[in-house]
Amino acid sequence: MLDQTIIEQLKTLTGKNNVLTKKVDMVAYTYDATADLPRQMPEVVVMPTSSEMVQQIVDLARTNRIAIYPHGAGTNLSGGTVPLKKGIVISFQKMNAILDIDAANLTAVVQPGVVIAALNSAVAPHGLIYPPDPGTVATATMGGSAAENSGGLRGLKYGVTKNYIMGMEVVLANGEKVRFGGKTVKNVTAYDFSNLFIGSEGTLGIITELTAKLIPAPKYRRTLMGVFKTLPDAGNAVAGIIAAQVIPATLEIMDKMTIRTVEDFAQIGLPVDAEGLLLVEVDGMSEDVVRAEAEAVMEEIIANNGDCQKANTDQERD
Ligand SMILES: Cc1cc2nc3c(=O)[nH]c(=O)nc-3n(C[C@H](O)[C@H](O)[C@H](O)COP(=O)(O)OP(=O)(O)OC[C@H]3O[C@@H](n4cnc5c(N)ncnc54)[C@H](O)[C@@H]3O)c2cc1C
């Protein structure tokens, strides 16, 4: 059991409204999206509003040897936010400010609790995007996705989180606050500590700020679906598309079981008798190039005995 004086100290450090101790308030922190993991109630959930508060929480936890669990949106699939040793869950839902959008330098500086989709909404008026797009973009946080090195449908062409985090501020286990990397592209001196922290799942320290790289939003896109009677045909079409030197933004293959599972859930009219399905999206800044790439994809689908369908509207594409 956590000593009541620790709870009182946390309230003094962060404000009493930023400390949760009732079971009813903490139940959402007992699990994450990992399947088949036992639930565990933390002893306290604390919601810092600054990196200095994070330092003080870490100091308090270290001095009293209490386990700490950073928590973004809890959508990870690796059990990282389940407080197996009870202790303190540090939730970043109140550190969710976009601190800077530097459109001229194609960067943004954010606190760890910023939701990925919120960053994309904020940079869209500047004609920019932050490409990493895990299936949970509408809820997952920048801190959690950096700690998981998340990727998504756009990963093939645009890469994953490690390709877009240029710098960060972290609080180490000794309470020290340090900065790695920055806004400059040729930031090559010494070890690449930002990348060490990407994918570290909260084990090396707590990310309290991130500098993200942005890119110009593609102006054109075409979305295609290949329907195949055999899975090897679908696989050969993937190989053919890459061999034709087309790198689609999205290139997803689904087998029969996946097609049926998705259709059962979403009921969007997927061909449930198909053995293989390819979802392909090409995008870019030039309409001619995007059209030529879509045609090359179509040719590969047909050459591998597939039936090719085009999305004619945004609704069909979604
Ligand atoms: C339906 C579904 C679809 C998904 N699709 C994808 C996908 O397409 N691609 C993909 O890669 N993943 C995917 N995921 C996994 C998950 O959504 C991502 O990894 C997501 O980016 C995690 O973000 P989060 O904010 O929920 O992090 P959390 O789950 O809260 O935390 C993730 C890890 O990071 C640590 N952490 C959180 N914040 C910090 C911080 N500030 N500093 C240090 N450590 C921290 C936590 O302790 C934990 O270990 C999916 C999950 C679901 C449920």
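Here's what I pulled together on the structure shown here. (Residues numbered from 1 in each chain as written. Predicted model: local features only at pLDDT ≥ 70, side-chain atom pairs only at ≥ 80, totals over all residues. Heavy atoms only, no water.)

Of the regular secondary structure elements, the protein holds 11 helices and 15 strands. Judged by the C-alpha coordinates and their principal axes, the protein covers about 70 × 45 × 35 Å. Considering only contacts within the protein whose residues lie at least 6 apart along the sequence, 67% involve residues at least 24 apart. Summed over all atoms, the accessible surface of the protein reaches about 16,300 Å², with 53% contributed by carbon and sulfur. Of the side chains in the protein, 27 bear a positive and 36 a negative charge, and the two mean positions are spaced by 7 Å. (Helix = DSSP H or I, 4+ residues; strand = E, 2+ residues; numbered from the N terminus. Contact = heavy atoms within 4.5 Å. Areas by Shrake-Rupley, 256 points an atom, 1.4 Å probe, with all protein chains shown as cover. Lys, Arg positive; Asp, Glu negative; His and termini not counted. Charge placed at Lys NZ, Arg CZ, Asp CG, Glu CD.)

We now examine the sheet that holds strand β14 (residues 276–284). In space, the four strands of this open sheet follow the order β13-β14-β12-β15, with antiparallel pairing throughout. Since the sheet does not close on itself, it has two edges, and those belong to β13 (250–255) and β15 (307–310), each with one partner. Along the sheet, successive strands turn relative to each other by an average axial angle of 15°, direction set aside. Pairing of β13 with β14, which is carried by six bridges, proceeds in the antiparallel orientation. Looking at the pairing, D255 lines up with G276 of β14. Contacts from helix α8 (residues 231–243) reach β12 (220–228), β13 and β14 within the one sheet, and its direction differs from that of β13 by about 170°. On the sheet, helix α9 (residues 256–266) packs against β13 and β14 and is oriented at approximately 95° with respect to β13. (Pairing = 2+ DSSP bridges. Axes fitted to C-alpha atoms, helices over the stretch in contact; angles between N-to-C directions.)

Turning our eyes to something else, we now look at the site of the ligand. Among the 31 residues in the neighbourhood of the ligand, the closest are listed as P70, G72, T136, T141 and G151. One of the side-chain nitrogen or oxygen atoms of N76 is found 2.7 Å away from an oxygen atom of the ligand. For the ligand, an oxygen atom lies 3.2 Å from a polar atom in the backbone of E201. Contributing elements (two or more residues each) for the shell around the ligand: β3 (68–71), α5 (142–148) and β10 (206–213). Looking at which element gives the most residues to the shell around the ligand, the answer is α5, with five residues. (Near = heavy atom within 4 Å. Polar contact = N/O pair within 3.5 Å; in protein donor to acceptor, adjacent residues only side chain to side chain.)

In this section: the pattern of salt bridges. The tally for this structure, following the rule as stated, stands at 14 salt bridges. One connected set of salt bridges, linked through shared partners, spans D100, D102 and K183. (Salt bridge = Lys/Arg side-chain N within 4 Å of Asp/Glu carboxyl O.)

Now for the packing of helix α1 (residues 4–14) against helix α3 (residues 51–63). Orientation of α1 relative to α3, taken along the N-to-C sense of each, is 165°, at an axis distance of 10 Å. Comparing the axis directions of α1 and α3 gives the class roughly antiparallel. In this structure, α1 meets α3 at a crossing whose hand is right-handed. Only M53, Q56, I57 and L60 of α3 make contact with α1, whose side of the interface consists of I6, Q9, L10, L13 and T14. Within the contact of α1 with α3, the residues separate by chemical class into six nonpolar, three polar and no charged. (Parallel < 35°, antiparallel > 145°, perpendicular 65-115°, else oblique. Left-handed = near helix turned anticlockwise from the far one by under 90°. Nonpolar A, V, L, I, M, F, W, Y, C, P; charged D, E, K, R; others polar.)

Scanning the entire structure with this criterion turns up four aromatic pairs. Following the ring pairs from residue to residue traces out a cluster consisting of F180, Y191, F193 and F197. The positively charged end of R39 is found above the aromatic ring belonging to Y31, 4.2 Å away from the centroid. The ring of Y164 carries the charged tip of K213 above its face, separated from the ring centre by 5.5 Å. (Phe/Tyr/Trp six-rings, centres within 6.5 Å; stacked < 30°, edge-to-face > 60°. Lys NZ or Arg CZ within 6 Å of the ring centre and 35° of its normal.)

This next bit is on the sheet that holds β3. One open sheet accounts for four strands, arranged β1-β2-β4-β3; its pairing is mixed. In the strand order of this sheet, the two ends are held by β1 (19–20) and β3, each with one partner. Relative to strand β4 (residues 88–91), strand β2 (residues 44–46) runs parallel, the two sharing three bridges. Following the sheet pairing, V45 is matched in β4 by V89.

Checked against the element boundaries, E281 lands in strand β14. Assessed through its relative accessible area of 8%, E281 is described here as buried. With sequence-adjacent residues up to four places away left out, E281 is seen in contact with R221, R222, T223, P248, A249, T250 and R317. (Buried < 20%, exposed > 50% of the residue type's maximum accessible area, 1.4 Å probe, protein only.)

This part is about the nonpolar core. The nonpolar side chains of a soluble globular protein tend to be buried with one another. In this structure, L119, Y130, M142, I165, M168, V170 and L210 are the most contacted members of the largest nonpolar core, which totals 27 residues. Look past the residues within four positions of M168 in its chain and what remains in contact with it is V178, R179, F180, S194, F197, I198, I207, E209 and L210. Of all hydrophobic cores here, the second largest spans 19 residues; its members include V19, V46, V54 and F92. (Core = buried A, V, L, I, M, F, W, Y, C linked by side-chain atoms within 4.5 Å.)

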